[in-house]
Amino acid sequence: MAEDTKKSEKKATKRVNKLTNGRIKKEIEFLQPMFAGIDDEDKKNLVNSLIEEAAFLKVACFQAKEELKKEGLTTETVNASQKFVKAHPSATIYEKYSRQYTAIIHTLIEYLPPKEKKNISRLAALRNG
C-alpha cells in the first residue's frame with residue numbers, strides 16, 4: 001500500500017529562478033557599450049533606463065521560455081468537478097514581455113550612435129571587391 005501512495009503523489013517541481021540581478025546586470029553590461037558614443041546627457045539617461053528595462057525583459061522572457069520548454073504550452077486546470085486545458089501562465093508572460101522587449105529594442109536602435117567608418121585603402125577595397 002505504501003507503493004500506491006508514492007505513485008499517486010505528484011512530485012512538486014521546484015522552479016529555478018533565472019530572473020536574478022546577476023543575469024540582468026550581465027545583459028546591461030552587454031548592451032551599454034553599444035551606446036557609449038552618446039554625448040548628450042539627457043539622451044544617455046534615457047538610453048540607460050531603456051537598457052535596464054530591456055535587460056529585465058530579456059531575462060524574464062528567458063525564464064518564461066525555459067518553463068515552457070519544461071512544462072509545455074498548456075496546463076490542465078481542475079475546478080470542482082470540471083477539468084479543462086488552458087494556456088500555461090508562462091506563455092502569456094512570454095508573449096507580453098517579448099512584445100515589450102521588441103518595442104524597447106526598436107527604440108534603442110534609433111539611439112545607436114553612428115559607427116565611424118574605417119579608412120580602407122584603395123588597394124584593399126579593390127581586393128575585397
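Quick look at the structure, then. (Residues numbered from 1 in each chain as written. Predicted model: local features only at pLDDT ≥ 70, side-chain atom pairs only at ≥ 80, totals over all residues. Heavy atoms only, no water.)

### Some thoughts on the packing of helix 2 (residues 21-31) against helix 3 (residues 41-71)
- Running from amino to carboxyl end, helix 2 crosses helix 3 at an angle of 130°, the nearest separation of the two axes being 8 Å. Taken together, the axis directions place helix 2 and helix 3 in an arrangement best described as oblique. When you trace helix 2 past helix 3, the crossing you get is right-handed. Contacts from R23, I24, E27, I28 and L31 in helix 2 reach I51, E52, A54, A55, F56, K58, V59 and F62 in helix 3.
- Classifying every residue of the contact of helix 2 with helix 3 by side-chain character gives nine nonpolar, no polar and four charged. (Axes fitted to C-alpha atoms, helices over the stretch in contact; angles between N-to-C directions. Helix = DSSP H or I, 4+ residues; strand = E, 2+ residues; numbered from the N terminus. Parallel < 35°, antiparallel > 145°, perpendicular 65-115°, else oblique. Left-handed = near helix turned anticlockwise from the far one by under 90°. Contact = heavy atoms within 4.5 Å. Nonpolar A, V, L, I, M, F, W, Y, C, P; charged D, E, K, R; others polar.)

### Remarks on the pattern of salt bridges
- Considering all chains together, one arrives at three salt bridges under this definition.
- K69 serves as the salt-bridge partner of E66, at 3.8 Å between the closest nitrogen and oxygen. With E66 and K69 both in helix 3 and three residues apart, the pair spans about one turn of that helix.
- K69 sits in the exposed class, given a relative accessible area of 60%.
- Among the salt bridges present, the one from E95 reaches R99, with a minimum N-O distance of 3.0 Å. One end of the pair is E95 and the other is R99, both in helix 4 (residues 89-110) and four residues apart, which spans about a single turn.
- Relative accessible area serves as the criterion here: at 41%, E95 is assigned to the partly exposed category. (Salt bridge = Lys/Arg side-chain N within 4 Å of Asp/Glu carboxyl O. Buried < 20%, exposed > 50% of the residue type's maximum accessible area, 1.4 Å probe, protein only.)

### Re a negative patch on the surface
- A contiguous patch of negative charge on the surface is contributed by D39, D40, E41 and D42.
- By the secondary structure assignment, D39 is in the loop between helix 2 and helix 3. (Patch = residues over 30% accessible without salt bridge, like charges linked within 9 Å, V, L, I, M, F, W, Y side chains within 5 Å. Areas by Shrake-Rupley, 256 points an atom, 1.4 Å probe, with all protein chains shown as cover. Lys, Arg positive; Asp, Glu negative; His and termini not counted. Charge placed at Lys NZ, Arg CZ, Asp CG, Glu CD.)

### Thoughts on the pairing of strand 2 (residues 82-87)
- Here six bridges tie strand 1 (residues 74-79) to strand 2, and the two strands are oriented antiparallel to one another. Directly across from T75, in strand 2, lies its bridge partner K86. (Pairing = 2+ DSSP bridges.)

### Quick notes on the nonpolar core
- One finds F35, V47, I51, A54, I104 and L108 to be the most contacted residues of the largest nonpolar core, which totals 15 residues.
- If you list the elements that add at least two residues to this core, you get helix 2, helix 3 and helix 4.
- Element by element, the count of residues in this core is highest for helix 3, at seven residues.
- When residues no more than four places from it in sequence are discounted, the contact partners of V47 are F35, I38, L108 and Y111. (Core = buried A, V, L, I, M, F, W, Y, C linked by side-chain atoms within 4.5 Å.)

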